[in-house]
Amino acid sequence: MTDPDMSLHMTRDEFRKRGHEIVDWIADYWDRVETLPVRSAVEPGDIRAMLPDRAPAEGEDWDAIIKDIETIVMPGITHWQSPGWFGYFPANVSGPSVLGELLSSGLGVQGMLWSTSPACTEIETHVMDWLVEMLGLPDRFLSSGQGGGVIQDTASSAVLCALLAARDRSEDGRAAVAYASTQTHSSVEKAARIAGLGSDGMRAIAVDAAYAMDPAALRAAMATDRDAGLAPAFVCATLGTTSSHAFDPLPAIAEVCVEFGAWLHVDAAHAGTAALCNEFRGMNVGLEHADSYCFNPHKWMFTNFDCDCFWVADRRALLRSLSILPEYLRNAPTDSGAVIDYRDWHVPLGRRFRALKLWFVIRHYGVAGLKHHVRQHVAWAQEFAGWVEAVEDWEVVAPAPLNLVCFRHRGGDEVNERIMNTVNDEGRVFLTHTKLDGRFTLRLSVGQTHTERRHVELAWERLQAAAGQLPVAS
Ligand code: PLP
């Protein structure tokens, strides 16, 4: 029996010692991650089979806990931090980000209200204002005007909040309808379901040959709905679609939104980071008409998941939808109206101190450092596209203006699937696929923190080897 007066908490000294060990472990992991097969090879249930049926009745020795990182956890890890990671979009991290995350955990702040930790709110507001300038976003997203930014967990939550605000703004008795292209991320339809529009209240708008939304088709769909007595309330345009990195034409879409009084949300979850660089900022033309915008530093800006930056042009619409003030949360600063309470800007009440890791990342790299890495990733992806184009058996199949290349071997769907599986089974690099016009298409997404040009070269070498043009590695 445990002595009722005894403290079972980890001592400060042990925390210090074990904390140093964990930081060392992470640094060693990043050193060796390149040598590990990128994709976990376990079968369903393998990890659970290694776990005891019941939770330990008594606390265990820390050495035993740590030992299981290698034996139980690592076999089931797919290495998103491998420099050979070219799948999906990256979920990259960096030293300053992990340290910010650790500090945030140690402080254990719950920043629902300004008063529950003023630094949590004010650093977030300030960093979000910095980013407006860093990314060349419209001034109306600045907190000094009617707008402002907030860190959400994900782009999915951002679009949900935007849709809730749009739905309530449009409320006039007619059922609200949302519009997005056939290539839009599934989070928009999920948001429509949660917001009560349902999948029936969602229209998938046709795209052009470059997989970008067709504004004429958007206008036609909205007119049909309006004539049927519905309220065309919300349009989600994407800058850098998940499948092929298509860029919806913002100026034309914005014009349609103005015509119908619809809310325009712009989802730049992955590609938005590129706007750090002047030469890629053209994508933001038309954004001055957007009601809301988001991008994910947790994809391509070296900041640990989760971290989505979400701005609105008029925060009153958002607050109208999400603000509830029960008595137990009342406090003088809130009543004064002089502070931001971010609980009113998203779905959950509680919130972590996410701004800390973002602040650390921006300060560590500086704007110039972030641009440098973005430019490298884009340059290597462009080189890769050139290599693919130069070989007759291969083709690039969608515009690749940034760091995602959609391509395929001319041998057809089965050949491409075999190539991808062979490369991924080898484990040195990892790619995923999509379907474009119904055809199996390979995607190479260059943006992992530790990726160097030689890893992109390796990817091309392994792809060609898998296609039988080079000897397949043993
Ligand atoms: N939007 C786009 C364009 C995406 O590519 C993704 C994910 O890849 C999302 C939204 C969803 O992101 P999250 O996981 O932050 O919800």
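The shown structure was predicted, so the numbers you read here are calculated from the model rather than taken from an experiment.

Q: Is there a simple way to think about the side chain of T241 in this case?
A: Counting through the fold element by element, T241 comes out in the loop between β4 (231-238) and α9 (250-260). The exposure class assigned to T241 is buried, which follows from its relative accessible area of 0%. Polar contacts involving the side chain of T241 include one to the main-chain amide nitrogen of A246, which spans 2.9 Å. Apart from residues lying up to four places away in sequence, T241 is in contact with F89, Q183 and A246.

Q: Explanation requested: unusual backbone geometry in the structure shown.
A: Cis geometry is found at the peptide bond from F305 to D306, where omega equals 10°. By the secondary structure assignment, D306 is in the loop between α10 (297-300) and β7 (308-312). We note that Y211 has phi near 70°; this positive angle belongs to a residue other than glycine. When you line up the elements, Y211 lands in the loop between β3 (202-205) and α8 (215-227). With a phi close to 50°, D437 is a non-glycine residue in the positive phi region. Structurally, D437 is set in the loop between β10 (432-436) and β11 (439-445).

Q: What is the right way to read the domain arrangement of the protein from this model?
A: Often, the extent of an interface is quoted as the loss of accessible area on bringing the components together. According to the domain assignment, the protein consists of domain 1 (7-32) and domain 2 (109-352). If you average the C-alpha positions of domain 1 and of domain 2, the two centres end up 39 Å apart.

Q: Even after reading the chapter, I still don't get the site of the ligand, so can you show me in this structure?
A: A155, S156, T242, D267 and N296 are the nearest of the 14 residues found near the ligand. Taking D267, its side chain carries an N or O atom lying 2.6 Å from a nitrogen atom of the ligand. H298 has a polar side-chain atom sitting 3.4 Å from an oxygen atom of the ligand. For the ligand, whose free accessible area comes to 400 Å², the fraction covered by protein is 87%. Looking at the shell around the ligand, the elements that each hand over two or more residues are α6 (155-169) and α10. Class assignment of the residues belonging to the shell around the ligand gives a composition of three nonpolar, nine polar and two charged.

Q: Looking at this structure, I do not really get the environment of G447. What am I missing?
A: For G447, the location among the structural elements is in the loop between β11 and α15 (453-466). Among the residues examined, G447 registers a relative accessible area of 0% and is labelled buried. Each C-alpha atom of the pair G447 and L436 lies 22 Å from the other, and the pair is 11 residues apart in sequence. Ignoring anything within four residues of it in the chain, the contact list for G447 reads P90, N92, W300, H377 and N403.

Q: Just to check I follow, could you spell out the pattern of salt bridges for this structure?
A: Note that side chains of opposite charge can pair when their charged atoms are close. As enumerated under the stated definition, the model contains 33 salt bridges in all. A salt bridge links E383 to R453, with the shortest nitrogen-to-oxygen separation between them at 2.7 Å. In this pair, E383 is assigned in helix α13 (residues 355-390) and R453 in helix α15, connecting sequence segments 70 residues apart. Overall, the relative accessible area of 29% leaves E383 in the partly exposed class. For R453, a relative accessible area of 32% corresponds to the partly exposed category. Ionic pairing is found between R462 and E426, a salt bridge with its closest N-O pair at 2.8 Å. Of this pair, R462 sits in helix α15 while E426 sits in helix α14 (residues 413-426); the two residues are 36 residues apart in sequence, bridging distant segments of the chain. In this structure R462 comes out as buried when scored by relative accessible area, which is 4%.

Q: It is not clear to me how the sheet that holds strand β6 (residues 292-295) should be interpreted in this structure. Could you clarify?
A: Two strands in a sheet stick together by hydrogen bonds in their backbones, pointing the same way (parallel) or opposite ways (antiparallel). If you walk across this open sheet you meet the seven strands as β1-β7-β6-β5-β4-β2-β3, and the pairing is mixed. Only two strands of the sheet have a single neighbouring strand rather than two, namely β1 (148-152) and β3. On average, each strand axis in the sheet is tilted by 20° relative to the strand beside it, whichever way the strands run. As paired strands, β1 and β7 are joined by five bridges and run antiparallel to one another. Of the residues in β7, the one forming a bridge with Q152 is D308. Packing against the sheet, helix α7 (residues 187-194) makes contact with β2 (176-181), β3 and β4, and its axis sits at approximately 160° to β3.

Q: Any chance you could explain the nonpolar core here in plain terms?
A: Here is a general trend for soluble globular proteins: nonpolar side chains tend to be buried in one another's company. Core analysis: the biggest nonpolar cluster contains 63 residues, and L131, V235, Y293 and W311 have the highest contact counts within it. Considering each element in turn, this core owes the most residues, nine residues, to α13. Residue contacts for V235: discarding those within four places in its chain leaves Y179, M213, L218, M222, I253, C257, A262, W263, L264 and H265. The next biggest cluster of nonpolar side chains, apart from the first, holds 33 residues, and it includes V159, V188, C236 and C294.

Q: For this particular structure, what's the right way to read the pairing of β11?
A: Strand residues, when the strand is regular, have side chains that alternate between the two faces of the sheet. A large share of β11 lies buried, amounting to six of its seven residues. Across four bridges, strand β9 (residues 404-409) lies against β11 in antiparallel orientation. Within β11, the position partnered with F407 by the bridge is L442. As paired strands, β10 and β11 are joined by five bridges and run antiparallel to one another. Bridging across to β11, H433 finds its partner in L442.

Q: What should I look at first to understand the sheet that holds β9 in this one?
A: With antiparallel pairing, four strands are arranged side by side in an open sheet as β8-β9-β11-β10. The sheet is open, and its two edges are formed by β8 (394-396) and β10, each paired on a single side. Neighbour-to-neighbour, the strand axes of the sheet open up by a mean angle of 40°, direction not taken into account.

Analysis parameters
Residues numbered from 1 in each chain as written. Predicted model: local features only at pLDDT ≥ 70, side-chain atom pairs only at ≥ 80, totals over all residues. Heavy atoms only, no water. Helix = DSSP H or I, 4+ residues; strand = E, 2+ residues; numbered from the N terminus. Buried < 20%, exposed > 50% of the residue type's maximum accessible area, 1.4 Å probe, protein only. Polar contact = N/O pair within 3.5 Å; in protein donor to acceptor, adjacent residues only side chain to side chain. Contact = heavy atoms within 4.5 Å. Domains from an automatic or database assignment. Near = heavy atom within 4 Å. Areas by Shrake-Rupley, 256 points an atom, 1.4 Å probe, with all protein chains shown as cover. Nonpolar A, V, L, I, M, F, W, Y, C, P; charged D, E, K, R; others polar. Salt bridge = Lys/Arg side-chain N within 4 Å of Asp/Glu carboxyl O. Pairing = 2+ DSSP bridges. Axes fitted to C-alpha atoms, helices over the stretch in contact; angles between N-to-C directions. Core = buried A, V, L, I, M, F, W, Y, C linked by side-chain atoms within 4.5 Å.

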